[in-house]
Amino acid sequence: MTHPPLYDEAKVLRMLAKDGERRAAFEQVVGHYSEHLYWTIRRLVLTHEDADDVLQNTFVKAWQNIASFEQRSSLSTWLHRIAVNEAIDFLRRNKNRVAAEEVETLASRLLADEYFDGDRAEALLQQAIVSLPDVQRTVFTMKYFDNMQYTEISRILGTSVGALKASYHIATTKITKYLKSH
């Protein structure tokens, strides 16, 4: 059994800078970051099909802009920023799909989803999360599920740590209230 080569970000960045090696380097980037970005996106958009679409858009946008990546942040942070922005754009474009009545049926839809492996409590939590405004949902998801530090979230979202802490606190308060009422 052969193992994939270890991911070396410095080597990949050098390869990305060379036209002849860009495709091979980008394939390594996709292989290395796909699963983590998928779950970050999935927690925001909720369904497998939507998460796949947003992930694909994320990598298309990254590929189109990789030559202009200036390494002011890590490649991971840059990709997360694209993924989160794509997820938020998706949510805004499809706001009518998540109408009030859909929030109420989300738990049953999630439990029926073959890719969802949680129980009723997890589905109820997801139902509470989807009821949050986009920014609060994003901050909560990145902090709670991805266990990101506020400084990393700040770099990805381009906002202050203080604003993130406030958004997270408001989100947890809303989620607690939602869970108590259901």
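Residues numbered from 1 in each chain as written. Predicted model: local features only at pLDDT ≥ 70, side-chain atom pairs only at ≥ 80, totals over all residues. Heavy atoms only, no water.

A. Geometry of the overall build of the protein chain. Along its length, the protein chain carries nine helices and zero strands. When the helices and strands of the protein chain are read in sequence order from the N terminus, they spell out α-α-α-α-α-α-α-α-α. Sorting the 182 residues of the protein chain into buried and exposed places 44% on the buried side. Counting only contacts in the protein chain whose residues sit at least 6 apart along the sequence, the fraction spanning at least 24 positions is 58%. (Helix = DSSP H or I, 4+ residues; strand = E, 2+ residues; numbered from the N terminus. Buried < 20%, exposed > 50% of the residue type's maximum accessible area, 1.4 Å probe, protein only. Contact = heavy atoms within 4.5 Å.)

B. Expanded view of the nonpolar core. Judged by nonpolar contacts, the single largest core of 28 residues is most densely connected at Leu16, Val45, Leu75, Trp78 and Leu79. Going through the elements one at a time, helix H1 (9-16), helix H2 (22-45), helix H3 (48-65) and helix H4 (75-93) are the ones with two or more residues in this core. Among the elements that take part in this core, H2 stands out by supplying nine residues, more than any other. For Leu16, the residues in contact, after removing those within four places along its chain, are Arg22, Ala25, Phe26, Val29 and Ile66. Ranked by size, the runner-up nonpolar core spans 19 residues in total, among them Val84, Ile129, Phe140 and Ile153. (Core = buried A, V, L, I, M, F, W, Y, C linked by side-chain atoms within 4.5 Å.)

C. Representation of the pattern of salt bridges. Throughout the structure, instances matching the rule amount to five salt bridges. In this structure, the salt-bridge partner of Asp146 is Arg43, at a minimum N-O distance of 2.7 Å. Here Arg43 lies in helix H2 and Asp146 lies in the loop between helix H7 (134-144) and helix H8 (150-157), a separation of 103 residues in the sequence. (Salt bridge = Lys/Arg side-chain N within 4 Å of Asp/Glu carboxyl O.)

D. View of the packing of aromatic side chains. A full pass over the atoms with the stated rule returns nine aromatic pairs. On the numbers, 6.2 Å between centres and 85 degrees between planes, the contact of Phe26 with Phe59 is edge-to-face. Placement of Phe26 in helix H2 and of Phe59 in helix H3 is noted, with a sequence separation of 33 residues between them. For Phe59, a relative accessible area of 10% gives the class buried. Ring centres 5.5 Å apart and planes at 15 degrees place the aromatic pair Phe140 and Tyr168 in the stacked group. In this pair, Phe140 is assigned in helix H7 and Tyr168 in helix H9 (residues 161-181), connecting sequence segments 28 residues apart. (Phe/Tyr/Trp six-rings, centres within 6.5 Å; stacked < 30°, edge-to-face > 60°.)

E. Just the packing of H3 against H4, in detail. Two numbers describe how H3 lies on H4: the axes approach to 9 Å, and their chain directions differ by 130 degrees. Regarding the angle of H3 to H4, the classification is oblique. Relative to H4, H3 is oriented so that their crossing is right-handed. Contacts between H3 and H4 involve Asp50, Val54, Asn57, Thr58, Lys61, Ala62 and Asn65 from the first element and Trp78, Leu79, Ile82, Ala83, Glu86, Ala87 and Phe90 from the second. When grouped by side-chain class, the residues that make up the contact of H3 with H4 number eight nonpolar, three polar and three charged. (Axes fitted to C-alpha atoms, helices over the stretch in contact; angles between N-to-C directions. Parallel < 35°, antiparallel > 145°, perpendicular 65-115°, else oblique. Left-handed = near helix turned anticlockwise from the far one by under 90°. Nonpolar A, V, L, I, M, F, W, Y, C, P; charged D, E, K, R; others polar.)

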